[in-house]
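Here is what each chain is made of, one letter per residue.
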Amino acid sequence: MTISPPQAAPLLVDSADRPLVHTRVLLKLSGEALLGEESFGINPQVLGAVAEEIIEVSRHGVEIGVVIGAGNLFRGAGLAASGLDRATADHMGMLATVMNALAMQDALEKRGAVARVMSAIKINEVCEDYIRRRAIRHLEKGRIVVFAAGTGNPFFTTDSAAALRAIEINADLVVKATKVDGLYSADPKKDPNAVRYDRVSFDEVIERRLAVMDTTAIALCRDYDMPIRIYNMDHKGGLLEIVHGEQLGTIVEA
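Right, let's walk through the structure included here. (Residues numbered from 1 in each chain as written. Predicted model: local features only at pLDDT ≥ 70, side-chain atom pairs only at ≥ 80, totals over all residues. Heavy atoms only, no water.)

Another aspect to go through is the side chain of His 244. Relative to the helices and strands, His 244 resides in the loop between helix H8 (238–243) and strand S11 (250–253). Accessibility expressed as a relative area gives 12% for His 244, which makes it buried. Only 3.0 Å separates the side chain of His 244 from the backbone oxygen of Leu 240, close enough to count as a polar contact. (Helix = DSSP H or I, 4+ residues; strand = E, 2+ residues; numbered from the N terminus. Buried < 20%, exposed > 50% of the residue type's maximum accessible area, 1.4 Å probe, protein only. Polar contact = N/O pair within 3.5 Å; in protein donor to acceptor, adjacent residues only side chain to side chain.)

Encoded structure:
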């Protein structure tokens, strides 16, 4: 009997016959990203714009998960610094991420997408519990999964949650949406001489203390070879360009 050699898997292409370089991604949004010009809460226009970007990527065949912070509603670290028990403050922050996740689910579904919120803490009346295999199954069915409540543990940020969930769901890439067009040597709004990096290693981020994600998140991504791309979320269509391999912003990799 002749055994044929294994065939390479076909490269997934979208409707425009452009190859998709990344077919499963984890998008990390800060809570502040939903503020727009407001000082508190959720700006519906910004929420809708982000939802449309996510849906566009999903409709091109990309499986996408989302982690949202809670800085627009609650800052546990700030309250902890003022004397509130840190674990209590972090649990309050987890609840705030659930609120943001539910808002994102609503915005996605109003635009025709199918979305699921999965929480790391039990809150069954409003969303599902996070179960890794179920999350992967949702993604495989083309559903957008919004991961809420961080890791479910105090003392860990939503950056760490994004890194952890990306590794757990076997994502190709973590995409960090920010208000600047990449990673800089210093804050470009404060230092006109700040230099933007096209590529930087995980170790360089840690050694230079570059402000992109917390050290725990960077170390997790480094240890499991999970690349991170930082881009400006105001760049319309940027997320779609990234999954097609465009070199927007900064890539953090080994």
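The next point concerns a nonpolar patch on the surface. A contiguous nonpolar patch, built from Leu 79, Leu 84 and Met 92 and spanning about 220 Å² of accessible area, is present on the exposed surface. With respect to the helices and strands, the residue Leu 79 is situated in helix H2 (residues 76–81). Under the relative-accessibility criterion, Leu 79 is labelled partly exposed at 35%. (Patch = residues over 30% accessible without salt bridge, like charges linked within 9 Å, V, L, I, M, F, W, Y side chains within 5 Å. Areas by Shrake-Rupley, 256 points an atom, 1.4 Å probe, with all protein chains shown as cover. Salt bridge = Lys/Arg side-chain N within 4 Å of Asp/Glu carboxyl O.)

Unlike most non-glycine residues, Asn 170 shows phi in positive territory, near 60°. Relative to the helices and strands, Asn 170 is located in the loop between helix H5 (158–168) and strand S6 (173–178). Using a relative accessible area of 47% as the deciding quantity, one classes Asn 170 as partly exposed. Even without a glycine there, the phi angle at Arg 209 is positive, about 55°. With respect to the element layout, Arg 209 can be found in the loop between helix H6 (202–208) and helix H7 (215–223). The exposure class assigned to Arg 209 is exposed, which follows from its relative accessible area of 76%.

Side chains that are nonpolar tend, in soluble globular proteins, to be buried together. Formed by 44 residues in total, the largest nonpolar core has its most connected members in Ile 54, Met 104, Leu 108 and Ile 144. Among the secondary structure elements, those contributing two or more residues to this core are strand S1 (24–29), helix H1 (44–59), strand S2 (63–68), helix H3 (86–110), strand S3 (115–119), strand S5 (144–148), S6 and H8. Every residue in contact with Ile 54, bar those within four places of it in the chain, is listed here: Leu 27, Ile 64, Val 66, Met 104, Leu 108, Ile 144 and Leu 239. The next biggest cluster of nonpolar side chains, apart from the first, holds 31 residues, and it includes Tyr 130, Val 145, Ala 162 and Val 252. (Core = buried A, V, L, I, M, F, W, Y, C linked by side-chain atoms within 4.5 Å. Contact = heavy atoms within 4.5 Å.)

This part is about the sheet that holds S6. In space, the nine strands of this open sheet follow the order S4-S3-S5-S2-S1-S6-S10-S11-S9, with mixed pairing throughout. Either end of the sheet is taken by a strand with one partner, and the two such strands are strand S4 (128–129) and strand S9 (199–201). Both S1 and S6 contribute to a ladder of five bridges, which runs parallel. Among the inter-strand pairings, Leu 29 is bridged to a residue of S6, identified as Ala 177. Packed on one face of the sheet, H5 meets S1, S2, S5 and S6 and runs near 175° to S1. (Pairing = 2+ DSSP bridges. Axes fitted to C-alpha atoms, helices over the stretch in contact; angles between N-to-C directions.)

It is worth spelling out helix H4 (residues 132–140) at this point. Of all the positions in H4, only Ala 135, Ile 136, His 138 and Leu 139 are classed as buried. The arc that holds every buried residue of H4, seen down its axis, measures 155°, which confines them to one face. Here the buried face of H4 lies against S1, S2, S3, S4, S5 and H5. Positive phi shows up at Gly 142, right after H4, with a value of about 85°. (Arc of directions from axis to C-beta.)

All right, on to the packing of aromatic side chains then. Summed over all chains, the structure comprises one aromatic pair. Ring centres of Tyr 130 and Phe 147 lie 5.7 Å apart, and the angle between their planes is 75°; this geometry places the pair in the edge-to-face category. Highlighted residues: Tyr 130 in the loop between S4 and H4 and Phe 147 in strand S5, separated in sequence by 17 residues. For Arg 165, the ring lying beneath its charged end belongs to Tyr 130, and the centroid distance is 3.8 Å. (Phe/Tyr/Trp six-rings, centres within 6.5 Å; stacked < 30°, edge-to-face > 60°. Lys NZ or Arg CZ within 6 Å of the ring centre and 35° of its normal.)

Nothing here speaks to function; it is geometry throughout.
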